[in-house]
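# Commentary on secondary and tertiary structure
Each chain, written out:
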Amino acid sequence: MSKPSPEVYEQGKGMDAHNQAMREIRSRKEASYDPHEPTRVWLDEDNTPDGVKTSLTIILNTGGCRWARAGGCTMCGYVAESVDGGSVSHDALMDQIDVCLAHEADNADEPADLIKIYTSGSFLDEREVGAESRRAIADTFADRDRIVVESLPDFVDREKIGDFTQHGLDTDVAIGLETATDRVRHDCVNKYFDFADFEDACAEAAAADAEADGDVEAGIKAYLLMKPPFLTESEAAEDMISSVERCADVDGCHTVSMNPCNVQRYTMVDDLYFEDGYRPPWLWSVAHVLEETADADAIVVSDPVGHGSDRGPHNCGECDDRVQKAIKDFDLRQDPSVFEQVSCECELTWETVIERERSFNQPLTR
Ligand code: SF4
Ligand SMILES: [Zn+2]
């Protein structure tokens, strides 16, 4: 396990205990990778402010998340020490992009309209992706309609977004906000920044939007985490409803992606799960939040990963696929009536959990 960097964010913020625990848990796993290969690449489709578009999603290897090296988020199984020295050269990053373009050429009839680039860190952090690489990647995808890049809020500024909008690319920055509630973000997720930092990043995106030519857009896509550890089912649902509403009210934030927590290996969530102290959220809770926030002034979507399994968001086992399908329908159509068409006997159990589960007796069901 690499040492935490000297500039770890936790100092003075009361996060040392969580980080110490997460460092110990993560150190059980060792991994390494080839810096010339992306972590993952796949084709999909997505709902954007301009409608549903084909998408190419790229997870770049950039030397990894420095926060994960310090300990990091309680649910994130990302393995921190994935590259020696913690950085990947410009040439290696461009090799990764070439691998992704070759994957697209082999598997799609035409180039995807939407490009999404994640790094398990921050694409806009110049210690991960330097300005030269950022601009070269913007050039490479200049013929597409829209690009999404992932970043922590600290690194978002209007000039960096301008590298993309100047090519006529609509540009979104995806921010792993997790929740609008600072206390939940700090104490349950172990993420160091505040909602105010997210608001500042949105203001930068709004400024980039105003500076961009004509109908070229820039904005923020907020990623929320439903049910981090230590919250009951009802607390988790309430936290998400208020978070979706608060994000949608921030100028510059046009999309909220609300994703249920799943149990990843080598995390604090995994340790709790093993000790019967954690259950991923019910899919009924996801549907409930989407229904309750259908009027919010933003696109609200959810992508329950690992749905129907014990380690992912799940209901009773009988209805999981049907509820998941309704959620995916909602993502594309934003119509809450899709949830009226699904029902199951287990809704009563879920309602009882919402009503009776307390943080000192959770979880009530498996
Ligand atoms: S969730 Fe993101 S910020 Fe947190 S440890 Fe994982 S990669 Fe780092
Ligand atoms: Zn059911």
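Remember, predicted model here, so these are calculated numbers, not experimental data.

So, on to the coordination of the zinc ion (ligand 2). Looking at the zinc ion (ligand 2), the protein donor atoms are Cys316 (SG), Cys319 (SG), Cys344 (SG) and Cys346 (SG), and they sit 2.3 Å from it. Seen from the zinc ion (ligand 2), its four donor atoms lie at angles of 103 to 113 degrees, and the figure they make is tetrahedral. Coordination of the zinc ion (ligand 2) draws on donor residues from a single chain, spaced C-x2-C-x24-C-x1-C in sequence. On the basis of relative accessible area, Cys346 is assigned to the buried category, the value being 7%.

This paragraph deals with helix H11 (residues 320-333). With 14 residues, H11 ought to run about 20 Å at 1.5 Å a step, and its terminal C-alpha atoms sit 20 Å apart, in line with that. Listing the buried residues of H11 in full gives Asp320, Val323, Gln324, Ala326, Ile327, Phe330 and Asp331. An end-on view of H11 places all buried positions within 155 degrees of arc, on one side of the element. Summarising the geometry of H11, the exposed residues directed more than 90 degrees from the buried face are Asp321, Lys325 and Arg333.

One non-glycine residue, Glu178, adopts positive backbone phi at about 75 degrees. The residue Glu178 is located in strand S5 (residues 170-178) in this model. You can call Glu178 buried: its relative accessible area is 9%. With a phi close to 65 degrees, Asn190 is a non-glycine residue in the positive phi region. On the secondary structure map, Asn190 appears in the loop between helix H6 (182-189) and helix H7 (195-211).

The next subject is the site of ligand 1. The local shell around ligand 1 consists of Arg26, Cys65, Trp67, Ala68, Cys73, Met75, Cys76, Ser120 and Lys191. Of the residues belonging to the shell around ligand 1, the class tally is six nonpolar, one polar and two charged.

So, on to the pattern of salt bridges. For the structure on display, the rule yields 25 salt bridges. Salt-bridge contacts for Arg127 lead to Asp125; the nearest nitrogen and oxygen are separated by 3.9 Å. One salt bridge in this structure joins Asp303 and Lys328, with 3.1 Å as the shortest N-O distance. Residue Asp303 is located in the loop between strand S8 (299-301) and H11, and its partner Lys328 is located in helix H11; the two are separated by 25 residues in the primary sequence. Classification of Asp303 by relative accessible area gives partly exposed; the value is 39%. Residue Lys328 is classed as partly exposed on the basis of its relative accessible area, which comes to 34%. Through salt bridges that share partners, Asp50, Arg146, Asp170, Asp172 and Glu217 make up one connected network.

On to the packing of aromatic side chains, then. One pass over the structure, following the stated rule, counts six aromatic pairs. Each ring, one from Trp67 and one from Tyr192, has its centre 5.1 Å from the other, and the planes form 70 degrees; the classification is edge-to-face. Taken as a pair, Trp67 in helix H2 (residues 66-70) and Tyr192 in the loop between H6 and H7 lie far apart in primary sequence, 125 residues in all. On the basis of relative accessibility, which here comes to 4%, the residue Tyr192 falls in the buried class. Within the aromatic cluster, the residues linked to one another by ring pairs are Trp67, Tyr192 and Phe193. It is Arg40 that lies over the ring of Trp42; its NZ or CZ is 4.2 Å from the centre. The cationic tip of Arg265 hangs over the ring face of Tyr266; the distance from NZ or CZ to the ring centre is 5.1 Å.

Here helix H3 (residues 90-107) is 18 residues long and its end C-alpha atoms lie 26 Å apart, about the 26 Å a rise of 1.5 Å per residue gives. Of all the residues in H3, the buried ones are Ala92, Leu93, Met94, Gln96, Ile97, Cys100 and Glu104. Buried residues along H3 sit in contact with strand S1 (40-48), strand S2 (51-59) and helix H4 (131-140).

Before going further, it helps to examine the side chain of Thr57. Position of Thr57 among the secondary structure elements: in strand S2. Taking relative accessible area as the criterion, Thr57 reaches 1% and is therefore assigned buried. With sequence-adjacent residues up to four places away left out, Thr57 is seen in contact with Arg40, Val41, Trp42, Lys116 and Tyr118.

The rules we used
- Residues numbered from 1 in each chain as written.
- Chains lettered and ligands numbered in written order.
- Predicted model: local features only at pLDDT ≥ 70, side-chain atom pairs only at ≥ 80, totals over all residues.
- Heavy atoms only, no water.
- Donors = N, O, S within 2.8 Å, 3.2 Å for Na, K, Ca; no water.
- Tetrahedral: all angles 85-135°; square planar, octahedral: opposite > 155°, others 65-115°.
- Buried < 20%, exposed > 50% of the residue type's maximum accessible area, 1.4 Å probe, protein only.
- Helix = DSSP H or I, 4+ residues; strand = E, 2+ residues; numbered from the N terminus.
- Expected span 1.5 Å × (residues − 1).
- Arc of directions from axis to C-beta.
- Near = heavy atom within 4 Å.
- Nonpolar A, V, L, I, M, F, W, Y, C, P; charged D, E, K, R; others polar.
- Salt bridge = Lys/Arg side-chain N within 4 Å of Asp/Glu carboxyl O.
- Phe/Tyr/Trp six-rings, centres within 6.5 Å; stacked < 30°, edge-to-face > 60°.
- Lys NZ or Arg CZ within 6 Å of the ring centre and 35° of its normal.
- Contact = heavy atoms within 4.5 Å.

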